[in-house]
Amino acid sequence: MADRTKVTSLLLGWSDGDDIERSRLIDAVYDELRRLARGHLRRERENHSLAPTALVHEAYLKLIDQRHTKWQNRAQFFAIAARIMRRILVDHARSRGAARRGAPATVLLDVDVAAAGVDVDVLALDLAMEKLARIDERQNRLVELRFFAGLTVGETAAALDVAPITVKRDWALARAWLFRELQAGRP
């Protein structure tokens, strides 16, 4: 895992307009971005046409286009990277006319379950998350940080500027809500 202090320092340099720091940042986080991409793709159908490298490169192109983002820390960077990867996968699924398979309701029982290769209907999950965002934006962000970016409770608490106990409580509530929502949408 990339050194947290080094990543934050590189992000701050990039925010100040230093393109050399941006290049160093990508070198420092590339392996972690690939891990994140592999995690996203493990939750997709088995014969997905995007490879982790292609997902990272497409996300990278969108990340460097974040001209108006004031980078603050590693957690924020990986949260934005995870959100971008999620959007890429949703757009890819829509463009391929993916049939709704019905995401397993167990998908959010634990972050480790998601990393274990559970098949996820990315379109159904995206619709549920859009609905959750309208109800509770913080819980939606929390799911992005925990599930999609793979951040710890402590990192998520820092990114959301809340106590770790709040993250644990909201994580339980968000998982329960999404479980119910995904079950309701299954055929």
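Structure shown above.
Reference entry: report on the structure contained in this document. (Residues numbered from 1 in each chain as written. Predicted model: local features only at pLDDT ≥ 70, side-chain atom pairs only at ≥ 80, totals over all residues. Heavy atoms only, no water.)

Inspection of the entire model under this criterion finds 13 salt bridges. Residue E32 is joined to R74 by a salt bridge in which the shortest nitrogen-to-oxygen separation is 2.3 Å. Taken together, the residues span a long stretch of sequence, with E32 in helix α2 (residues 19–42) and R74 in helix α4 (residues 74–95) at a distance of 42 residues. On the basis of relative accessibility, which here comes to 6%, the residue E32 falls in the buried class. In this structure, E144 engages R141 in a salt bridge whose closest nitrogen and oxygen atoms are separated by 3.9 Å. Here the residue E144 and the residue R141 both occupy positions in helix α7 (residues 137–148), the gap between them amounting to 3 residues, near one helical turn. Each of R83, R86, R87, D126, R141 and E144 takes part in salt bridges that share partners, so that together they form one network. (Salt bridge = Lys/Arg side-chain N within 4 Å of Asp/Glu carboxyl O. Helix = DSSP H or I, 4+ residues; strand = E, 2+ residues; numbered from the N terminus. Buried < 20%, exposed > 50% of the residue type's maximum accessible area, 1.4 Å probe, protein only.)

So, about unusual backbone geometry. Positive phi values are uncommon outside glycine, yet D161 reaches one of about 60°. Within the element layout of this structure, D161 appears in the loop between α8 (153–160) and α9 (164–184).

Here the focus is the packing of α4 against helix α6 (residues 122–135). To characterise two packed helices, one gives the angle between the axes of the helices and the distance between these axes. Where α4 contacts α6, the axes come no closer than 9 Å and their chain directions differ by 125°. By the angle between their directions, the pair α4 and α6 is classed as oblique. Crossing of α4 over α6 shows left-handed handedness. Residues R86, R87, L89, V90, A93 and R94 of α4 lie in contact with α6, whose contacting residues are V122, L123, D126, M129 and E130. (Axes fitted to C-alpha atoms, helices over the stretch in contact; angles between N-to-C directions. Parallel < 35°, antiparallel > 145°, perpendicular 65-115°, else oblique. Left-handed = near helix turned anticlockwise from the far one by under 90°. Contact = heavy atoms within 4.5 Å.)

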